[in-house]
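Secondary and tertiary structure notes
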Amino acid sequence: MEAFDQIRAEAGTPGFYRDATDEDVHTLVIRKLKERAGNVADKIHTGRSRNEQVSLDTRMWAARRVC
C-alpha cells in the first residue's frame, strides 16, 4: 500500500508525467509501481482486461466526483 500512496501523491505533480512514453496512464502507473514494488505489480491486472480496468477506473472517478 505504501507504493500506491507514493504514486497517488506524485501523480498530483507535473513531474510524474514528464518524459513518460507509456501507452496510457494505466501503463505509466504500473511501470512506476513495478519500480517500487517489483514483479508483484504485474499481478494488478490479473483477471481483468484493460477495458475492464479502464471501466472500473472511470466508475471510481465518477463516484468520487458525484459524492
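Above this text is the structure in question.
Residues numbered from 1 in each chain as written. Predicted model: local features only at pLDDT ≥ 70, side-chain atom pairs only at ≥ 80, totals over all residues. Heavy atoms only, no water.

**Remarks on the nonpolar core**
Under the convention used in this document: What makes a nonpolar core is a set of buried Ala, Val, Leu, Ile, Met, Phe, Trp, Tyr and Cys residues whose side-chain atoms join them at distances within 4.5 Å. Remark: exposure states derive from per-residue accessible area (1.4 Å probe, protein chains only) relative to the maximum for the residue type, with buried under 20%, exposed over 50%, and partly exposed in between. Helical segments are the DSSP runs of H or I of at least four residues, strand segments are the runs of E of at least two, and each set is numbered from the N terminus. We call two residues contacting when some pair of their heavy atoms lies within 4.5 Å.
In terms of nonpolar packing, the biggest core is built from 6 residues, these being Ala3, Ile7, Phe16, Leu28, Leu33 and Ala41. Mapped onto this core, the elements with two or more residues apiece are helix H1 (2-10) and helix H2 (25-37). In this structure Phe16 touches Ile7, Glu10, Ala11, Leu28, Val29 and Lys32, once residues within four positions along its chain are discounted.

**Here we look at the environment of Ala11**
Mapped onto the elements, Ala11 comes out in the loop between H1 and H2. Taking relative accessible area as the criterion, Ala11 reaches 26% and is therefore assigned partly exposed. For the pair Ala11 and Val29, spaced 18 residues apart in sequence, the C-alpha to C-alpha distance is 8.9 Å. Apart from residues no more than four positions distant in its own chain, Ala11 is found in contact with Phe16 and Tyr17.

**Brief notes about H2**
Note the following rule: Given a helix with a known number of residues, its expected span is that number minus one, times 1.5 Å. The term polar contact refers here to a pair of N or O atoms within 3.5 Å; inside protein, the definition further demands a hydrogen-donor-capable atom paired with an acceptor-capable atom, and it admits residues adjacent in sequence only when both atoms are side-chain atoms.
An ideal rise of 1.5 Å per residue puts 18 Å on 13 residues; H2 measures up with 18 Å between its terminal C-alpha atoms. Buried residues of H2: Leu28, Ile30, Lys32 and Leu33, and no others. For H2, the elements touching its buried residues are H1. Capping the start of H2, Asp24 holds a side-chain oxygen 3.1 Å from the backbone nitrogen of His26, two or three residues further along. Looking one or two residues beyond H2, the residue adopting positive phi is Gly38, at roughly 85°.

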